[in-house]
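Single-letter residue listing:
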Amino acid sequence: MILQRSKVNHWVVAPILIPLGTAGVLLAMARAALAWKRAASALACAAQLITALRLVGAAASKVPLVYSVGHWPAPFGIVLVVDRLAAVMMLLTAVVALVVLGYAVRGQDAQGRGFHALYQFQVLGLYGTFLTGDLFNLYVFVVILLISSYALLLQDTHGRGRALGRAGFHYVVVNLVASSLFLVGIGVLYGILGTLNLADLSIKMASLPAENSGLARMAFDLLLAVFALKGALVPLHFWLTPAYAAASGSVAALFALLTKAGAYAVLRIVPLFLGPDVASASPMVVPWILPAALATVLVGAAGALASKDLRPLVAYAVLVSMGTLFTGIGLFRVEALAAALFYLVYSTLVTAGLFLLADLVADHRRGGTELTPGHAVSQRGLLGALFVLGAMAMTGMPPLSGFVAKVLLLQAAWGHGAGTLWIWSVL
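Predicted model only: the values in this text are computed from it and were never measured. (Residues numbered from 1 in each chain as written. Predicted model: local features only at pLDDT ≥ 70, side-chain atom pairs only at ≥ 80, totals over all residues. Heavy atoms only, no water.)

1. Quick look at the overall build of the chain
Part 1 of the argument: From N to C terminus, the chain includes 18 helices and 2 strands.
Part 2 of the argument: The buried share of the chain, reckoned over its 427 residues, is 53%.
Part 3 of the argument: Of all intrachain contacts in the chain linking residues separated by at least 6 positions in sequence, the fraction that spans at least 24 positions is 74%.
Part 4 of the argument: Of the roughly 18,200 Å² that the chain leaves accessible, carbon and sulfur atoms contribute 71%. (Helix = DSSP H or I, 4+ residues; strand = E, 2+ residues; numbered from the N terminus. Buried < 20%, exposed > 50% of the residue type's maximum accessible area, 1.4 Å probe, protein only. Contact = heavy atoms within 4.5 Å. Areas by Shrake-Rupley, 256 points an atom, 1.4 Å probe, with all protein chains shown as cover.)

Pasting the structure below:
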């Protein structure tokens, strides 16, 4: 039994080692033929999917799987933790990464020699975000996400160099500022509590002296603001649409996971500071989360209606999905969180697919993705059918899963007092 547990524990570190090792090999293969790079990247993504499936099965019990790197005990060493939520997020990442890579090898990966290495660094950052058991390593993996996503964004595959330059500049400056604030918040917490291990932080927060509670609350609010920016909540959403609309289809589809990492971080951090019974500790967790989420839905919907190009339209649809997701998180009821997590998986797959579809439309239409009549479209029957299906999925029409998720979310919002009318009206 002990041997079996040891084997399971070693599976926990595999999602980190596979993309990290593959990225190193791909960097060493910088001058190798593209076919070899594609093969190495595809094998890595397939191995990641197998590993994620294995961890989903291993995490089915209520006891999280813990891996102490170097056998250093917590809270002193680096700890990786897999529970059911982390396992599902890893499986979602593995599925999207493998499908998007299959699309990218149609030619978009040929635009830069470092595409496949950067791709593996990107999924490494995502896996690390979902696995880490301490705040500092969360910061490290978020920085890996930032650097690799910025480099991927600048690979201009559609001749939109100027638009990419502007979007990339805004994207990196905003996220660098957010990462700096993230580091400040971590430093304040470490100065107060002397630890950054998430489990240890939860214990020490419960017995925090009153004179330090205000400073800890400031650090908590700072971290929440950073994660809200990563999750593109209004008014911190302005970076998303230009960046996602200017990126190539495969890069934008992979980016559909980035905002979900911000929502995941909020799910991890809020119970850490407010305790396991978040609903009783704070009816709306933090007063601005729910209003900001509903405002994000409205801004995203208005932007989609006003869009004259398919790529920005899908980018605004990402905003709508993030607003809907954060609505469930802002309620912080068990039913609302269950609906939000169901919607998270569904909306990630749909938005990633719509970004790839927009790229296909650009390839088969003389007018690109502009929503204007008069341009010939090849394979219009297939593309039209796919777009109708994607639009139905994005808006949550029955009998698709998005409809079920939104119904569950509306049911969870019932009885929320004055907020119920706003939530039902907006969603």
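2. Some remarks on a nonpolar patch on the surface
Part 1 of the argument: Where nonpolar side chains cluster on the molecular surface, the patch consists of Phe169, Val173, Val177 and Leu181 and spans about 340 Å² of accessible area.
Part 2 of the argument: Judged by its relative accessible area of 48%, Val177 is partly exposed. (Patch = residues over 30% accessible without salt bridge, like charges linked within 9 Å, V, L, I, M, F, W, Y side chains within 5 Å. Salt bridge = Lys/Arg side-chain N within 4 Å of Asp/Glu carboxyl O.)

3. Section: the nonpolar core
Part 1 of the argument: Core analysis: the biggest nonpolar cluster contains 119 residues, and Val82, Tyr119, Leu135, Phe182, Phe227, Tyr244 and Ile329 have the highest contact counts within it.
Part 2 of the argument: Residue contributions to this core peak at 13 residues, all from helix α15 (residues 334–364).
Part 3 of the argument: Once residues within four sequence positions are removed from consideration, Tyr119 is found in contact with Cys45, Val96, Ala97, Val100, Leu101, Leu152 and Leu254. (Core = buried A, V, L, I, M, F, W, Y, C linked by side-chain atoms within 4.5 Å.)

4. Looking at the packing of aromatic side chains
Part 1 of the argument: Enumeration over the complete set of coordinates arrives at 12 aromatic pairs.
Part 2 of the argument: Taking 5.7 Å as the distance between ring centres and 80° as the angle between the ring planes, the aromatic pair formed by Tyr139 and Phe182 counts as edge-to-face. With Tyr139 in helix α5 (residues 135–153) and Phe182 in helix α6 (residues 161–193), this residue pair connects regions lying 43 residues apart in the sequence. The exposure classification of Tyr139 matches that of Phe182, with both residues buried.
Part 3 of the argument: Linked through ring pairs, Tyr171, Trp239, Tyr244, Phe255 and Phe355 together constitute an aromatic cluster.
Part 4 of the argument: The ring of Tyr103 carries the charged tip of Arg106 above its face, separated from the ring centre by 4.7 Å. (Phe/Tyr/Trp six-rings, centres within 6.5 Å; stacked < 30°, edge-to-face > 60°. Lys NZ or Arg CZ within 6 Å of the ring centre and 35° of its normal.)

5. With respect to the pattern of salt bridges
Part 1 of the argument: Applying the stated rule across the entire model yields 5 salt bridges.
Part 2 of the argument: Of the charged contacts in the structure, one is a salt bridge between Arg38 and Asp109, with a shortest N-O distance of 2.7 Å. You can see Arg38 sitting in helix α2 (residues 34–58) and its partner Asp109 sitting in the loop between α3 (84–104) and α4 (115–131), a full 71 residues away along the chain.
Part 3 of the argument: Under the relative-accessibility criterion, Asp109 is labelled buried at 1%.

6. Describing the side chain of Thr22
Part 1 of the argument: One can find Thr22 in helix α1 (residues 2–28).
Part 2 of the argument: The class of Thr22 is buried, set by a relative accessible area of 14%.
Part 3 of the argument: For Thr22, the residues in contact, after removing those within four places along its chain, are Ala40, Ala44 and Gln120.

7. Describing the confidence of the model for the chain
Part 1 of the argument: Per-residue pLDDT for the chain averages 83, and the proportion of residues at 70 or more is 89%.
Part 2 of the argument: Overall, residues 1–8 carries pLDDT values under 50, and its contacts beyond four positions in sequence, including any with other chains, amount to 6 contacts.
Part 3 of the argument: Confidence drops under a pLDDT of 50 for residues 280–285, and excluding neighbours within four residues, the segment shows 14 contacts in the predicted structure. (pLDDT = per-residue confidence, 0-100.)

8. Some words on α5
Part 1 of the argument: With 19 residues, α5 extends 27 Å from end C-alpha to end C-alpha; this agrees with the ideal 27 Å at 1.5 Å per step.
Part 2 of the argument: Of the residues flanking the start of α5, the one acting as N-cap is Asp134, its side-chain oxygen 3.2 Å from the backbone nitrogen of Phe136. (Expected span 1.5 Å × (residues − 1). Polar contact = N/O pair within 3.5 Å; in protein donor to acceptor, adjacent residues only side chain to side chain.)

9. Structural notes on the environment of Leu383
Part 1 of the argument: When you line up the elements, Leu383 lands in helix α16 (residues 380–395).
Part 2 of the argument: Judged by its relative accessible area of 6%, Leu383 is buried.
Part 3 of the argument: Separated by 23 residues in sequence, Leu383 and Leu360 have C-alpha atoms that sit 7.9 Å apart.

10. A closer look at empty space enclosed by the protein
Part 1 of the argument: Enumeration according to the criterion identifies 3 cavities of 30 Å³ or more in this entry.
Part 2 of the argument: Of the volumes computed, that of the largest cavity is approximately 160 Å³.
Part 3 of the argument: Elements represented by at least two residues in the lining of the largest cavity include exactly α5, α6, α8 (210–230) and α11 (258–274).
Part 4 of the argument: Residue classes in the lining of the largest cavity are distributed as 9 nonpolar, 4 polar and 1 charged.
Part 5 of the argument: Taken as a whole, the second largest cavity encloses approximately 60 Å³ of empty space.
Part 6 of the argument: Counting residues per element, the ones that place at least two in the lining of the second largest cavity are α5 and α11.
Part 7 of the argument: Of all the elements, α11 adds the most residues to the lining of the second largest cavity, at 4 residues. (1 Å grid on protein atoms, 1.4 Å probe; cavity = no way out; pocket = protein on both sides within 12 Å on 5 of 7 lines; lining within 4 Å. Points joined across faces, edges and corners; volume = space filled by probe spheres on them. Nonpolar A, V, L, I, M, F, W, Y, C, P; charged D, E, K, R; others polar.)

11. Digging into α16
Part 1 of the argument: Its 16 residues give α16 an end-to-end C-alpha distance of 22 Å, which sits within 8% of 22 Å, the value for a rise of 1.5 Å per residue.
Part 2 of the argument: Residues Leu383, Gly390, Ala393 and Met394 constitute the buried set of α16. One side of α16 holds all its buried residues, which, seen down the axis, span an arc of 95°. Among the exposed residues of α16, those pointing more than 90 degrees away from its buried face are Arg380 and Gly381.
Part 3 of the argument: Just beyond α16, the residue with positive phi is Gly396, at close to 75°. (Arc of directions from axis to C-beta.)

12. A few points about the environment of Val234
Part 1 of the argument: With respect to the helices and strands, the residue Val234 is situated in the loop between α8 and α9 (240–246).
Part 2 of the argument: Relative accessible area serves as the criterion here: at 17%, Val234 is assigned to the buried category.
Part 3 of the argument: Distance in space between the C-alpha atoms of Val234 and Val297 is 9.0 Å, their sequence separation being 63 residues.
Part 4 of the argument: If near-sequence neighbours (up to four positions away) are discounted, Val234 is found in contact with Ala292, Ala295, Thr296 and Val299.

13. Some thoughts on the packing of α3 against α4
Helix-helix packing is characterised by the crossing angle of the two axes and by the distance between the axes.
Part 1 of the argument: Interaxial distance between α3 and α4 falls to 9 Å at its minimum, and their mutual angle equals 165°. Taken together, the axes of α3 and α4 lie roughly antiparallel to each other. As for how α3 packs across α4, the hand of that crossing is right-handed. Between α3 and α4, the residues in contact are Ala86, Met89, Met90, Thr93, Ala94, Val96, Ala97, Val100, Leu101 and Ala104 and Phe115, His116, Tyr119, Val123, Leu126, Tyr127, Phe130 and Leu131, respectively.
Part 2 of the argument: Of the residues belonging to the contact of α3 with α4, the class tally is 16 nonpolar, 2 polar and no charged. (Axes fitted to C-alpha atoms, helices over the stretch in contact; angles between N-to-C directions. Parallel < 35°, antiparallel > 145°, perpendicular 65-115°, else oblique. Left-handed = near helix turned anticlockwise from the far one by under 90°.)

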